[in-house]
Amino acid sequence: MWILSILPDAAIHIIFGLGILGTIAGFVLGFIPFIKTYKLAIQIISLLVLVLGVYLEGGLADYKEWELRVKEMEAKVAQAEAKSANTNVEIQEKIVEKTKVIREKGRDIIQYIDKEVVKKEEVIKYIEICPVPKDIIDLHNQAAELNKGAKK
Amino acid sequence: MRYILIALLLAGCSTTVPVKQKFPNATPELMKKCEDLKKIEGDKVAITEMMKVVVHNYSLYWECSAKVDGWQDWYNAQKKIYDEIAK
């Protein structure tokens, strides 16, 4: 109820209080001369004010309950955001570590080829006799660029 | 009087609940693109040189695979967190 964000709580309680007082005055204190003169008007107006007061009091109670739920939700969201950030850090560390291991292993194999494999007699002979045919290289390179057609 | 009546009639209109949840940021490492595979340079290439390129490309594949695994982990973790709020 938007009206609750404009009216202060006290105003709602005052409207409700005035409604009750007016109703009591209109229906019970009819014997007092001033009230006796305006009895019907007081009864009608105070009943209307009382109805409005009850309505606004109900709305206010509901509004307060919702406000509480909003605060609960905000706390939950803040907690979730912190948790999400922590999860990101954990995932980041995991991937960085995994990538590091993969790179190191790849580098180790390449170093092993450079330092050990190329010195092996069998390999030296093979390299001298059989260079890799250009067709094979081209096919390899084509396969390495399989994604190019679909990139744009 | 007319305005008071209109205000009273509209008094029950609802207001929006101001709880906003930010879309979670992705892990920076996951946002990096997978590198292109390396090609073999030259016409006459020794099998060892070709092997080095192949090993390099395998490394790139596994690095990219780690990123895909990371995205899956990220999604599952974020979904779990989101579902906990919605409960």
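Values in this document were obtained by computation on a predicted structure and should not be read as measured data. (Residues numbered from 1 in each chain as written. Chains lettered and ligands numbered in written order. Predicted model: local features only at pLDDT ≥ 70, side-chain atom pairs only at ≥ 80, totals over all residues. Heavy atoms only, no water.)

Draft legend 1. Region of interest: the overall build of chain B. Per the secondary structure count, chain B includes three helices and zero strands. When the helices and strands of chain B are listed from N to C terminus, the series reads α-α-α. Relative to its full complement of 87 residues, chain B shows a buried share of 28%. Put simply, 71% of the contacts in chain B that link residues at least 6 apart link residues at least 24 apart. Put simply, chain B shows about 6,500 Å² of open surface, and 61% of that area lies on carbon and sulfur atoms. (Helix = DSSP H or I, 4+ residues; strand = E, 2+ residues; numbered from the N terminus. Buried < 20%, exposed > 50% of the residue type's maximum accessible area, 1.4 Å probe, protein only. Contact = heavy atoms within 4.5 Å. Areas by Shrake-Rupley, 256 points an atom, 1.4 Å probe, with all protein chains shown as cover.)

Draft legend 2. The arrangement of the state of the cysteines in detail. Residues and elements named next belong to chain B. Evaluation of the coordinates by the stated rule reveals one disulfide over all chains. Through a disulfide, C34 is tied to C64; the S-S separation comes to 1.8 Å. Its S-S torsion of approximately 80° makes the covalent link between C34 and C64 right-handed. Of this pair, C34 sits in the loop between α2 (28-31) and α3 (47-86) while C64 sits in helix α3, and the two are 30 residues apart along the sequence. (Disulfide = S-S within 2.5 Å.)

Draft legend 3. Region of the structure containing the interface of chain B and chain A. Each partner contributes to the interface: chain B provides 55 residues, whereas chain A provides 47 residues. Of the roughly 4,300 Å² buried where chain B meets chain A, counting both sides, 66% is carbon and sulfur surface. If you look at where chain B meets chain A, you find seven salt bridges. At the level of elements, α1 (2-9), α2 and α3 of chain B are the ones that each hand at least two residues to the side of chain B that touches chain A. Residues of the side of chain B that touches chain A, tallied by class, amount to 28 nonpolar, 13 polar and 14 charged. (Buried area = accessible area lost by both parts, 1.4 Å probe. Salt bridge = Lys/Arg side-chain N within 4 Å of Asp/Glu carboxyl O. Nonpolar A, V, L, I, M, F, W, Y, C, P; charged D, E, K, R; others polar.)

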